[in-house]
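Listed below are the residues making up each chain.
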Amino acid sequence: MNYSIRKINTEEYKDVRILDKNSFGMNERGSNADVHEVFADNIRKSPYFISELDLVAVDEDGLILGHAIFSALPMGDNSNHVVWLNSLAIRHDISDNHITMQYKYQRKGIGTALVKHGLEIAKKLGYSACMCCGNPQVYQSKMGFHNYLELGLKKDNSVDDPDTCIFATELIEDGFKETNKKLSYKYYNFMA
């Protein structure tokens, strides 16, 4: 499957809303699709939004196959060195079957390519590390993230995600050195 990865165009926001909603609403975990439909829009309104890290994977016909959006993640005073992978969604197709694990677009490496491309951009922009929350089989096995505890990171009481679902990777050596090494969601309110 041939595709390219690039920054999203504003006229594609509507298509990405539908992609995000369908991807999360139709996944095997049955996520809240309505939340994901507007999640990226809310991130774009945030002071932590990084326009260069709002990415789409597009096939040769212009069909959007996937979407990833990152934002800055404050970790202590004056330490905006880390990015957070807020959302990663790959196109859901009507023929997808979660029981037989047969997918037209998902599980084809598009999500991994989007994240790795985003990490390269983040590093060029001066970010030193990335964190995310999600499925260990995806972020650890396929993308090389580590459980955040392995990197000496902590979380405060604003983070209710289980420890087994929080991941981190360093983009440079000692990528979390200039931070307080504490994950906090107190800065974020993307549900507006």
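Residues numbered from 1 in each chain as written. Predicted model: local features only at pLDDT ≥ 70, side-chain atom pairs only at ≥ 80, totals over all residues. Heavy atoms only, no water.

K.L.:
Residues and numbers for the nonpolar core, please.
P.N.:
Of all hydrophobic cores here, the largest spans 28 residues; its most connected members are Phe70, Val83, Leu85, Leu88, Leu114, Tyr139 and Phe145. Where this core is concerned, the elements lending two or more residues are β2 (49-59), β3 (64-73), β4 (82-90), α3 (110-124) and β5 (129-133). At six residues, α3 tops the list of elements feeding residues into this core. Ignoring any residue separated from it by four or fewer positions in sequence, one finds Leu85 in contact with Ala68, Ile69, Phe70, Val115, Cys130, Met131, Cys132 and Tyr139. Residues Tyr148, Val159, Ile166 and Ala168 belong to the second largest nonpolar core, which totals 14 residues. (Core = buried A, V, L, I, M, F, W, Y, C linked by side-chain atoms within 4.5 Å. Buried < 20%, exposed > 50% of the residue type's maximum accessible area, 1.4 Å probe, protein only. Helix = DSSP H or I, 4+ residues; strand = E, 2+ residues; numbered from the N terminus. Contact = heavy atoms within 4.5 Å.)

K.L.:
Outline the environment of Asn86, supporting the account with residue identities and numerical values.
P.N.:
Locating Asn86 in the fold gives a position in strand β4. A relative accessible area of 14% means that Asn86 is categorised as buried.

K.L.:
Outline α3, listing residues and values.
P.N.:
With 15 residues, α3 should reach 21 Å at 1.5 Å per residue; the first-to-last C-alpha distance of 21 Å fits that figure. Among the residues of α3, those classed as buried are Ile110, Gly111, Thr112, Leu114, Val115, Gly118, Leu119, Ile121 and Ala122. In the core, the buried residues of α3 are packed alongside β1 (3-7), β2, β3, β4, β5 and β8 (166-170). (Expected span 1.5 Å × (residues − 1).)

K.L.:
Give a detailed account of the packing of aromatic side chains, specifying residues and quantitative values.
P.N.:
Under the defined criterion, the tally for this structure stands at three aromatic pairs. With centroids separated by 5.7 Å and ring planes inclined at 80°, the aromatic side chains of Trp84 and Tyr185 adopt a geometry described as edge-to-face. Taken together, the residues span a long stretch of sequence, with Trp84 in strand β4 and Tyr185 in the segment after β9 (182-183) at a distance of 101 residues. Here Tyr185 falls in the buried class, since its relative accessible area comes to 19%. Plain terms: the ring middles of Tyr139 and Phe167 are 6.1 Å apart, the flat faces sit at 25° to each other, and that makes the pair stacked. (Phe/Tyr/Trp six-rings, centres within 6.5 Å; stacked < 30°, edge-to-face > 60°.)

K.L.:
Please provide a residue-by-residue account of the pattern of salt bridges, values included.
P.N.:
Side-chain pairs of opposite charge can arise whenever the charged atoms involved come near each other. Summed over all chains, the structure comprises five salt bridges. Residue Asp41 is joined to Arg17 by a salt bridge in which the shortest nitrogen-to-oxygen separation is 2.5 Å. In this pair, Asp41 sits in helix α2 (residues 33-44) while Arg17 sits in helix α1 (residues 13-25), placing the two residues 24 residues apart along the sequence. The residue Asp163 makes a salt bridge to Lys155 at a minimum N-O spacing of 3.0 Å. Residue Asp163 is classed as partly exposed on the basis of its relative accessible area of 31%. Overlapping salt bridges, with partners in common, bring together Arg17, Asp41, Arg44 and Asp54 in one network. (Salt bridge = Lys/Arg side-chain N within 4 Å of Asp/Glu carboxyl O.)

K.L.:
Lay out a positive patch on the surface in plain terms, naming residues and giving numbers.
P.N.:
On the surface, Lys154, Lys181, Lys182 and Lys186 cluster together to form a positively charged patch. Here Lys181 shows up in the loop between β8 and β9. (Patch = residues over 30% accessible without salt bridge, like charges linked within 9 Å, V, L, I, M, F, W, Y side chains within 5 Å. Areas by Shrake-Rupley, 256 points an atom, 1.4 Å probe, with all protein chains shown as cover. Lys, Arg positive; Asp, Glu negative; His and termini not counted. Charge placed at Lys NZ, Arg CZ, Asp CG, Glu CD.)

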